[in-house]
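A look at the structure
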Amino acid sequence: MGKQNKKSSTSFLVQGSILAIASIVSRIIGLIYRIPLTNIIGDTGNDYYGTAFQIYNILLIISSYSLPLAVSKLVSANYSQGRRHNVYRILKCALIFGVCTGTVAALILLFGAEFITGTLMKTPMSVFAVRVLIPVLLIVAVLGVMRGFFQGLGTMMPSATSQILEQIANAIVSVWAAYVLADYGAKAGALLGDADNYSAAYGAAGGTLGTAVGALVALLFCTFVLIVYLRAFKRSLHRERKRNVDSYGSIFHLLIITIIPVLLSSTIYNCNTVIDQAVYKHIAAYQGYTANQYGSWNGIYTGKYTVLINVPISIASAMAASSVPALTAAYAAGKKGEAKRQIGIATRFIMVIAFPCAVGMGILASPILQLLFRDSSETAAHMLQVGAVTILFFSLSTLSNGLLQGIGRMKEPIKNAIIALVLHLGLLAALMFLFDLNIFAVVIANAAFGLIMCILNAGSIRRYSGYHQEIRKTFFVPAIAAAGMGVAVWLVYHGILYVLRVNAVATLLSIVIGAAVYAVLLLLLKGLNEQEILRFPKGRMLADVAKKMHLLK
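Residues numbered from 1 in each chain as written. Predicted model: local features only at pLDDT ≥ 70, side-chain atom pairs only at ≥ 80, totals over all residues. Heavy atoms only, no water.

1. What to know about the overall build of the protein
On a plain count of helices and strands, the protein comes out with 19 helices and zero strands. Its C-alpha atoms give the protein a radius of gyration of 24 Å, within 12% of the compact-globule value 24 Å for 553 residues. Judged by the C-alpha coordinates and their principal axes, the protein covers about 75 × 60 × 40 Å. Burial statistics for the protein: of 553 residues in total, 57% are counted as buried. A fraction of 83% describes how many contacts in the protein between residues 6 or more apart in sequence connect residues 24 or more apart. (Helix = DSSP H or I, 4+ residues; strand = E, 2+ residues; numbered from the N terminus. Rg over C-alpha atoms; globule rule 2.2 N^0.38 Å. Buried < 20%, exposed > 50% of the residue type's maximum accessible area, 1.4 Å probe, protein only. Contact = heavy atoms within 4.5 Å.)

2. What about the domain arrangement of the protein?
Here the domain parsing of the protein yields domain 1 (8-237 + 247-271), domain 2 (289-359 + 377-467) and domain 3 (471-552). Placing the centre of domain 1 and that of domain 2 at their C-alpha centroids yields a distance of 20 Å. (Domains from an automatic or database assignment.)

3. Quick look at the layout of surface pockets
Estimated volume of the largest pocket: approximately 1500 Å³. Lining the largest pocket are 45 residues, and of these I353, P356, C357, I511 and A515 sit closest to its centre. When the residues that make up the lining of the largest pocket are grouped by side-chain class, the tally is 41 nonpolar, four polar and no charged. (1 Å grid on protein atoms, 1.4 Å probe; cavity = no way out; pocket = protein on both sides within 12 Å on 5 of 7 lines; lining within 4 Å. Points joined across faces, edges and corners; volume = space filled by probe spheres on them. Nonpolar A, V, L, I, M, F, W, Y, C, P; charged D, E, K, R; others polar.)

4. Structural notes on the environment of F149
Following the sequence through the fold, F149 ends up in helix α5 (residues 136-152). With a relative accessible area of 0%, F149 lands in the buried category. Each C-alpha atom, one on F149 and one on V71, is 5.9 Å from the other, the two residues being 78 residues apart in sequence. Each residue touching F149, except ones within four places of it in the same chain, is listed here: V71, V75, V87, L91, L226 and Y229.

5. Considerations on the pattern of salt bridges
Per the stated rule, a full pass over the model turns up eight salt bridges. Notably, a salt bridge pairs E114 with R131, separated by 2.7 Å at the nearest N-O pair. One end of the pair, E114, is in helix α3 (residues 84-120); the other, R131, is in helix α4 (residues 127-132), and 17 residues separate them in sequence. On the basis of relative accessibility, which here comes to 56%, the residue E114 falls in the exposed class. Between K304 and D375 there is a salt bridge whose closest N-O contact spans 2.8 Å. Of the two residues, K304 is situated in helix α9 (residues 291-332) and D375 in the loop between α11 (365-373) and α12 (378-387); the sequence distance between them amounts to 71 residues. For the pair K304 and D375, one class covers both residues: buried. Residues joined by salt bridges that share partners form a network here, namely D43, K304 and D375. (Salt bridge = Lys/Arg side-chain N within 4 Å of Asp/Glu carboxyl O.)

6. Description of empty space enclosed by the protein
Counted by the stated rule, this structure contains two cavities of 30 Å³ or more. Its volume calculated, the second largest cavity comes out at about 50 Å³. What lines the second largest cavity is Q54, T273, D276, Q277, Y280, N298, Y301, I439 and V442. When contributions to the lining of the second largest cavity are tallied by element, the ones reaching two or more residues are α8 (248-286), α9 and α15 (439-465). Looking at the lining of the second largest cavity, the element that brings in the most residues is α8, giving four residues.

7. Here's the deal with the side chain of Q277
Note that Q277 resides in helix α8. With a relative accessible area of 2%, Q277 lands in the buried category. Side chain to side chain, Q277 and T51 meet in a polar contact 2.6 Å long. Sequence-distant contacts of Q277, defined by excluding residues within four places in its chain, comprise D47, T51, Q54, M121, T123 and N298. (Polar contact = N/O pair within 3.5 Å; in protein donor to acceptor, adjacent residues only side chain to side chain.)

8. Examining the packing of α5 against helix α6 (residues 157-192)
One way to put it is that α5 packs onto α6 with a least axis distance of 9 Å and a crossing angle of 145 degrees. Contact residues: L143, R147, F150 and Q151 in α5; P158, S159, S162, Q163 and E166 in α6. When its residues are assigned to classes, the contact of α5 with α6 shows three nonpolar, four polar and two charged. (Axes fitted to C-alpha atoms, helices over the stretch in contact; angles between N-to-C directions.)

9. Some thoughts on the environment of T302
Within the element layout of this structure, T302 appears in helix α9. Between the alpha carbons of T302 and A205 there is a distance of 16 Å; along the sequence they are 97 residues apart. Apart from residues lying up to four places away in sequence, T302 is in contact with R34, N46, D47, G50, Q54 and V307. One polar contact links the side chain of T302 to the main-chain carbonyl oxygen of N46, over a distance of 3.3 Å.

10. Some words on unusual backbone geometry
The residue N438 is not glycine, and still its phi comes out positive at about 55 degrees. Assignment of secondary structure puts N438 in the loop between α14 (412-435) and α15. Backbone geometry places R501, a non-glycine residue, at a positive phi of 60 degrees. By secondary structure assignment, the location of R501 is in the loop between α16 (472-500) and α17 (503-524). R501 sits in the exposed class, given a relative accessible area of 61%.

11. A closer look at helix α2 (residues 67-80)
The terminal C-alpha atoms of α2, which comprises 14 residues, lie 20 Å apart, in line with the 20 Å expected from a rise of 1.5 Å per residue. With respect to burial, α2 is a largely interior element, 12 of its 14 residues being buried. Here α2 has its buried residues at L67, P68, L69, A70, V71, S72, K73, L74, V75, S76, A77 and N78. In the segment just after α2, G82 is the residue with positive phi, at about 75 degrees. (Expected span 1.5 Å × (residues − 1).)

12. Some remarks on the nonpolar core
Ranked by size, the top nonpolar core spans 155 residues in total, and within it Y56, L137, F149, L308 and L384 carry the most contacts. Those residues in contact with L384 that sit more than four places away from it in its chain are Y305, L308, I309, M361, G362, A365 and L369. (Core = buried A, V, L, I, M, F, W, Y, C linked by side-chain atoms within 4.5 Å.)

13. Quick notes on the packing of aromatic side chains
On inspection of all chains with the given rule, the structure shows 16 aromatic pairs. Relative to Y202, the ring of Y184 has its centre 5.5 Å away and its plane inclined at 65 degrees; by these criteria the two rings are edge-to-face. One end of the pair, Y184, is in helix α6; the other, Y202, is in helix α7 (residues 195-238), with 18 residues separating them in the sequence. Clustering of aromatic rings is evident, with ring pairs tying together Y88, F149, F150, Y229 and F233. Taking the ring centre of Y248 as reference, the NZ or CZ of R89 above it sits at 4.1 Å. (Phe/Tyr/Trp six-rings, centres within 6.5 Å; stacked < 30°, edge-to-face > 60°. Lys NZ or Arg CZ within 6 Å of the ring centre and 35° of its normal.)

Here you go:
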């Protein structure tokens, strides 16, 4: 029984790591193409681009964001019980559901784009980018069902590969289309007496065109993999003895009642960014700032700060996605001890990654911005320095949302997100009205939202799973190791910069040396033992290297 539990935990972590690695690669590709895209469309264009995506993301969340999680949960529960006929019916029902909800969301955006961008978001020029994203809502809904289906079967490779293909296509088309359309927008805008804004708006639309093409490429890939898989899967259906298959009506009902809690929690959890922007822009306009001023600040926030912060947070999203099927299967089989182990492993894994990322991002804020965006402004650097702690809070809160859904407590993230949303909005308004912090109020309030979610979710997990959070190795040791790493990074960066006077070399070398210092300190402080390292991908190789360096006994 112990070997089975260890194997299950290892498989769970490896599958989560596959998706995490794909998410990181995708984020890095996204980060790389945002550099030339930002050079083309500027901070104002980033404001239009970011606004379009926030509007799109809310409709995506409402229509289909919860589909992969819900489908993976249902598929995992039925597949672990050997009910393959039910699994096939769940797939068909989910595809129909995705087509319907994706179409409705696309129609809402088609007819409501001007009202949403102009009246609600106070960014009317983002309407061009929004319109490009209309068909993507349908594409991503169907794509989400396919990804959730494979995740429920316990394999992350189709989702991981499709994510990378999607981002490659997105990167190529986004930069090319932004360049072409920005030039066209400048010419068209010159006739209207506003060349700069039209160039930025059309360039942003070019960026969203890349998103559409990338999503289509991912859909075609997943469709091909699904067709190949279903040929073998259908043959296995004939060999299945148990044919206790639920009706399509009951499956639709089960799908809907599974989706609704995930949908509500996801919507509330993710809509804070859209609400933040709308509140921020309306208050800033009331305070007398011009549209160009608050638009440019928001462009820095969405186009640079958020892009960088989301790279490490994507690891938590991947781990959350992989944890739901594993936890669901464990609970369905009555293995609560195994579920607790998986909660502990996932939380430890996230914190080991999040702490050094947060410290490194805070210390190297300006060097990273100069390296990637050629931005040496104090505003952008201070945003990263102030908001680096957000990496910790959102990594843990994103993971804990998935953990709660995995143990069947679908309503808990909803209640917690509502409380966090209300409290953080009050803080945002207070910071803007009382302290006139402007865009920094958004950064601080957003971090507060993540912190409140962490606290509330931790209480819910303890209450309903019986899991008691280990503190020392999960939080204290990674924090100390990251602090030591931070000192080393600061010294190395400034030392190399003093000698070579080249920011790129100093930044990259300090990151590499910082990572090595963090790993050594983590092992010296016994933050990970050999058995825990072996559960990681390539764990045997990592353990052997650590032993040769006398960091493991």
